[in-house]
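Chain by chain, the residues:
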Amino acid sequence: MIVCIAVVGHQNNPLYIQSFTEADDALKLHHIVHCSLDVVDERVNNPKKSGPMLNETFLGLLYPTENYKVYGYLTNTKVKFILVTTDLDVRDADVRNFFRRFHSAYLDAVSNPFHVPGKKITSKTFAERVSNIVKSVSFHTTG
């Protein structure tokens, strides 16, 4: 189950963070997203040491915690998407598909002529679209 999705600007400023849990753990999820930015920076700045090629936007599993797994995606404009899930065995193909759909929704939101680049995304249409994407996603386990 997806518990949090975040959009972080190229200067590590939060542009959009949405929690999908009933519990009051928003601060904990913000902390997890913030910690994942260090891993993203490390992978982008040291591509030989860790995984993806320079032209690869999907960063894969950034790090697991006891209860969550954190995945990352980097756009061409250095905007980062962070996904926090409670599903511990998830196929990369499913996560890639989620990020593709989320990226499309993000592009539609920032293409709005009333959106100011670099500012928080406050579009209700974007929030609804993200909620629909999250509800429609079912990750298949690898095991």
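What this report covers is the structure whose coordinates are included nearby. (Residues numbered from 1 in each chain as written. Predicted model: local features only at pLDDT ≥ 70, side-chain atom pairs only at ≥ 80, totals over all residues. Heavy atoms only, no water.)

**Focus on the packing of aromatic side chains**
As enumerated under the stated definition, the model contains 9 aromatic pairs in all. Geometrically, the ring pair formed by Tyr73 and Phe99 is stacked, given 5.3 Å between the ring centres and 25° between the ring planes. Here Tyr73, found in strand β4 (residues 69-74), pairs with Phe99, found in helix α2 (residues 92-110); they are 26 residues apart in sequence, far enough to count as distant. With respect to class, Tyr73 is no different from Phe99; both count as buried. Consider the rings of Phe98 and Phe102, whose centres lie 6.0 Å apart with planes at 15°: the pair is stacked. Taken together, the positions of Phe98 and Phe102, both in helix α2 and 4 residues apart, correspond to about one turn of that helix. (Phe/Tyr/Trp six-rings, centres within 6.5 Å; stacked < 30°, edge-to-face > 60°. Helix = DSSP H or I, 4+ residues; strand = E, 2+ residues; numbered from the N terminus. Buried < 20%, exposed > 50% of the residue type's maximum accessible area, 1.4 Å probe, protein only.)

**Some words on the sheet that holds strand β2 (residues 14-19)**
Taken together, the 5 strands give an open sheet; going across it, the order is β2-β1-β5-β4-β3, and neighbouring strands pair in antiparallel fashion. Strand pairing shows two members of the sheet lacking a second neighbour, β2 and β3 (58-64), which therefore form its edges. Each strand axis lies, on average, 15° off the axis of its neighbour in the sheet, ignoring direction. Sheet topology places β4 next to strand β5 (residues 80-85); 6 bridges connect them, and they run antiparallel. Note on β5: the bridge partner recorded for Gly72 is Ile82. Sheet strands in contact with α2 are β1 (2-8), β3, β4 and β5, and its direction is about 130° off that of β5. (Pairing = 2+ DSSP bridges. Axes fitted to C-alpha atoms, helices over the stretch in contact; angles between N-to-C directions. Contact = heavy atoms within 4.5 Å.)

**A few points about unusual backbone geometry**
At Asn12, a position not held by glycine, the phi torsion is positive, near 60°. When you line up the elements, Asn12 lands in the loop between β1 and β2. A positive phi angle, near 65°, is found at Lys78, a position not held by glycine. By secondary structure assignment, the location of Lys78 is in the loop between β4 and β5. Judged by its relative accessible area of 43%, Lys78 falls in the partly exposed class.

**Quick look at the side chain of Thr85**
Its location among the elements puts Thr85 in strand β5. A distance of 3.0 Å separates the side chain of Thr85 from the backbone oxygen of Met1, its partner in a polar contact. A distance of 3.1 Å separates a polar side-chain atom of Thr85 from the backbone nitrogen of Asp87. Look past the residues within four positions of Thr85 in its chain and what remains in contact with it is Met1, Ile2, Val3, Asn67, Tyr68, Lys69, Tyr71 and Phe139. (Polar contact = N/O pair within 3.5 Å; in protein donor to acceptor, adjacent residues only side chain to side chain.)

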